[in-house]
Amino acid sequence: MTMVAILSGAGISTDSGIPDYRGPNGMWRKDPEAERLVTYGPYMADPEIRRRSWRMRLDGPVLSAEPNVAHRAIAAYERTSGNPLRVITQNVDGLHQAAGVPARKVLELHGSARSVVCTACHARSAMAEALDRVRAGEDDPACRVCGGILKSATVMFGQRLDPVVLGNAVSIAKATAVFVVVGSSLQVQPAASLAGIAAEHGARLIIVNAEPTPYDAVADDVVREPIGTALPALLDRLR
């Protein structure tokens, strides 16, 4: 058996209608001010930022998005290949799990946009429920348990990754035989460093991304073809 780990970034979800952040048509390039809406300091300090953030999420594509062919190919590989698979994702859309990858095999480095968390008491609830409250007229819904400030259960800019989740991701990168990076610019640390860690520990490093990344020089293979066609073909070869 060959252990395979996949690090997925925003590029894997663009075919599901979720824009990436730093690509040529990325969200931050189109609207740099939008980054403030998902930055922890301004979000916590400014009620107007929170109101704008909730409106942005109300119109966002994540909750209505469906897995695409790349997500489904990974789920099919997990079911049928006989090889151990772990998915480490920088995405917050939950589409790997929606495609059928067991939740226990998915590490969400940046959290989940499908839940909200109270910044005071840490109670969690569904994002869909919070958005229903916004639609009903609550422009900055508070925690129903303690009245604290609610935020998406994602790691905002200015917040640290969960050290347990990151530690598990590092352990996977060190142990895997094949490390596939899909749709990630590999510019955001510490997630990007997982590619280097895997290569340093002997993994075959494969990068599937439309644009060059800082780790292309240490990769065994670099694939520029569209993810929707390249990834299913690659996973077939890894069976």
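Keep in mind that this is a model prediction, so the values were computed, not measured. (Residues numbered from 1 in each chain as written. Predicted model: local features only at pLDDT ≥ 70, side-chain atom pairs only at ≥ 80, totals over all residues. Heavy atoms only, no water.)

## Looking at the overall build of the chain
Let me state the cut-off plainly: Secondary structure elements are defined from DSSP: runs of H or I of at least 4 residues count as helices, runs of E of at least 2 residues count as strands, and each element is numbered from the N terminus. In this setup the radius of gyration rests on C-alpha atoms only. A globule is expected at 2.2 Å times the number of residues raised to 0.38. Exposure is judged per residue with a 1.4 Å probe applied to protein chains only, and the accessible area is read against the type maximum: over 50% gives exposed, under 20% gives buried, and values in between give partly exposed. Where accessible areas are quoted, they stem from the Shrake-Rupley method and a 1.4 Å probe; at the residue level, only the protein chains shown are allowed to cover.
Along the chain, the regular secondary structure elements total 9 helices and 9 strands. Over its C-alpha trace the chain gives a radius of gyration of 18 Å, about what one expects of a compact globule, namely 18 Å for 239 residues. With respect to the principal axes defined by its C-alpha atoms, the chain has extents near 50 × 35 × 30 Å. Every one of the 239 residues in the chain was classed for burial, and the buried ones make up 50%. Surface summary for the chain: the accessible area is close to 11000 Å², and the carbon and sulfur share equals 51%.

## Observations concerning helix H8 (residues 193–200)
Our working definition: The contact definition used throughout considers only heavy atoms, calling two residues in contact when any of these lie within 4.5 Å.
For H8, the set of buried residues is Leu 194, Ala 195, Gly 196, Ile 197 and Ala 198. Residues of H8 that are buried sit in contact with strand S1 (4–8), strand S2 (85–89), helix H7 (163–175), strand S7 (178–182) and strand S8 (204–208). Positive backbone phi, at 95°, marks Gly 202, one or two positions downstream of H8.

## Examining the pairing of S7
Put simply, the rule is: Two strands are counted as paired when DSSP detects at least two bridges linking them.
The element S7 is extensively covered by neighbouring structure, given that 5 of its 5 residues are classed as buried. What you see with S7 is no split at all: Val 178, Val 180 and Val 182 on one side and Phe 179 and Val 181 on the other are buried throughout. With 5 bridges joining them, S1 and S7 adopt parallel strand pairing. Each bridged residue has a counterpart across the sheet, and for Ala 5 the counterpart in S7 is Phe 179.

## Considering H7
Note the threshold: Under the convention used throughout, the expected extent of a helix is 1.5 Å for every residue step, that is, one less than its residue count. Here, the arc refers to the directions that run from the helix axis to the C-beta atoms. The definition of a polar contact used here is a pair of N or O atoms within 3.5 Å, where within protein one atom must be able to donate a hydrogen and the other to accept one, and adjacent residues in sequence count solely through side-chain atom pairs.
Look at H7: 18 Å from first C-alpha to last across 13 residues, which is about the 18 Å you get at 1.5 Å a residue. For H7, the complete set of buried residues consists of Val 165, Ala 169, Ile 172 and Ala 173. Projected down its long axis, H7 shows its buried positions confined to an angular sector of 100°, all on one face. For H7, the exposed residues lying more than 90 degrees away from the buried face are Pro 163, Val 164 and Ala 175. On its buried face, H7 sits against S1, S2, strand S3 (106–108), S7 and H8. The N-capping residue of H7, defined by a side-chain oxygen 2.8 Å from the backbone nitrogen of Val 164, is Asp 162.

## Here we look at the nonpolar core
Heads up, the condition is: For the purposes of this section, nonpolar cores are sets of buried Ala, Val, Leu, Ile, Met, Phe, Trp, Tyr and Cys residues that join through side-chain atoms within 4.5 Å.
By size, the foremost hydrophobic cluster in this structure holds 25 residues, and its most contacted members are Ile 6, Ile 74, Val 180, Val 208, Leu 231 and Leu 235. Listed by contribution, the elements that provide at least two residues to this core are S1, helix H4 (69–80), S2, S7, S8 and helix H9 (227–238). Considering every element that reaches this core, the biggest residue donor is H9, with 6 residues. Filtering out sequence-adjacent residues up to four positions away, Val 208 remains in contact with Val 180, Val 181, Val 182, Gly 183, Val 223, Glu 225, Ile 227, Ala 230 and Leu 234. In terms of nonpolar packing, the next biggest core, distinct from the first, is built from 23 residues, Ala 5, Ile 88, Ala 195 and Ala 198 among them.

## What about the sheet that holds strand S5 (residues 124–126)?
Strand pairs in the sheet, formed through backbone hydrogen bonds, run parallel or antiparallel to each other. The test is simple: Interaxial angles span 0 to 180 degrees and are taken between N-to-C directions of axes, which are lines fitted to C-alpha atoms, for helices over the stretch in contact.
Reading across from one edge, S5-S4-S6 is the order of the 3 strands in this open sheet, with antiparallel pairing throughout. Each edge of the sheet is formed by a strand with only one pairing partner; in this case those strands are S5 and strand S6 (150–154). Averaged over all adjacent pairs, the angle separating strand axes in this sheet is 45°, with direction ignored. With 5 bridges connecting them, strand S4 (residues 111–118) and S6 associate as antiparallel partners. Counted as the bridge partner of Gly 111 is Thr 154 from S6. Across the sheet, helix H6 (residues 127–135) is in contact with S4, S5 and S6; its angle to S5 comes to roughly 70°.

## A look at the sheet that holds S2
One open sheet holds the 6 strands; their spatial order is S3-S2-S1-S7-S8-S9, and the pairing between them is parallel. Edge positions in the sheet fall to S3 and strand S9 (221–223), since each of these pairs with one other strand and no more. Pairs of neighbouring strands in the sheet enclose a mean axial angle of 15°, with direction left out of account. Judged from the 3 bridges that link them, S8 and S9 form a sheet pairing that is parallel. For Ile 206, the partnering residue across the bridge sits in S9 and is Asp 221. Where H4 meets the sheet, its contacts fall on S1 and S2, and the angle it forms with S2 comes to roughly 155°. Contacting S1, S7, S8 and S9, H9 runs over the sheet at an angle of about 170° to S7.

So, to be careful, I would describe these as geometric facts and stop short of saying anything about function.
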